[in-house]
Amino acid sequence: MKIPQTISSYCPKCNEHTDHTVTIYKKGQERSMAIGARRHERELRGYGGQKYPIQRNKSKTTDKKTTCLKCKKCGHVSMRRGIRMKKLEIVR
Ligand SMILES: [Zn+2]
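Residues numbered from 1 in each chain as written. Predicted model: local features only at pLDDT ≥ 70, side-chain atom pairs only at ≥ 80, totals over all residues. Heavy atoms only, no water.

Asks: What's the story with the coordination of the zinc ion in this structure? I'm lost.
Replies: Each angle at a metal carrying four tetrahedral donors should ideally be 109.5 degrees, and each at a metal carrying six octahedral donors should ideally be 90 or 180 degrees. Surrounding the zinc ion are the protein donor atoms Cys11 (SG), Cys14 (SG), Cys71 (SG) and Cys74 (SG), which sit 2.2 to 2.4 Å from the metal. Between the 4 donor atoms coordinating the zinc ion, the angles at the centre fall across 103 to 118°, so the site counts as tetrahedral. In terms of primary sequence, the donors binding the zinc ion are separated according to C-x2-C-x56-C-x2-C. Placement of Cys11 in strand S2 (residues 6-11) and of Cys71 in strand S5 (residues 67-71) is noted, with a sequence separation of 60 residues between them. You'll find Cys11 and Cys71 in the same group, each marked buried. (Donors = N, O, S within 2.8 Å, 3.2 Å for Na, K, Ca; no water. Tetrahedral: all angles 85-135°; square planar, octahedral: opposite > 155°, others 65-115°. Helix = DSSP H or I, 4+ residues; strand = E, 2+ residues; numbered from the N terminus. Buried < 20%, exposed > 50% of the residue type's maximum accessible area, 1.4 Å probe, protein only.)

Right under this line is the structure:
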């Protein structure tokens, strides 16, 4: 799917439709010292290690692509609900 770099969308801060710059959401780097990561590491220790089943064979062939919309007027960043697709491209 192709999406233009600038789209007009609703901004909850400005309470009106404004121009937004579109970027594709990317997951940030995981922090090894975050409380969840430390707890998970602790739970894996000792007898009875893995706490939940690891999913090995996936049925979905695509993953959800989320777009970030940044308001050009106030700079507020909002995200759109992810849609399943093979490829997401930003076109000028
Ligand atoms: Zn705004």
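Asks: Any chance you could explain the pairing of strand S3 (residues 16-24) here in plain terms?
Replies: Consecutive side chains of a regular strand alternate in pointing toward one face of the sheet and then the other. Alignment of S2 against S3, held across 6 bridges, turns out to be antiparallel. From the neighbouring strand, Cys11 faces S3, where its bridge partner is Glu16. As consecutive antiparallel partners, S2 and S3 are separated by 4 residues, and within that stretch Asn15 has a phi angle of approximately 60°, a positive value. As defined by bridge partners, S3 adjoins S5 across 5 bridges and the pair is classed as antiparallel. Bridging from a neighbouring strand, His20 pairs with Cys71 of S5. (Pairing = 2+ DSSP bridges.)

So yeah, pure geometry; function would need other evidence.
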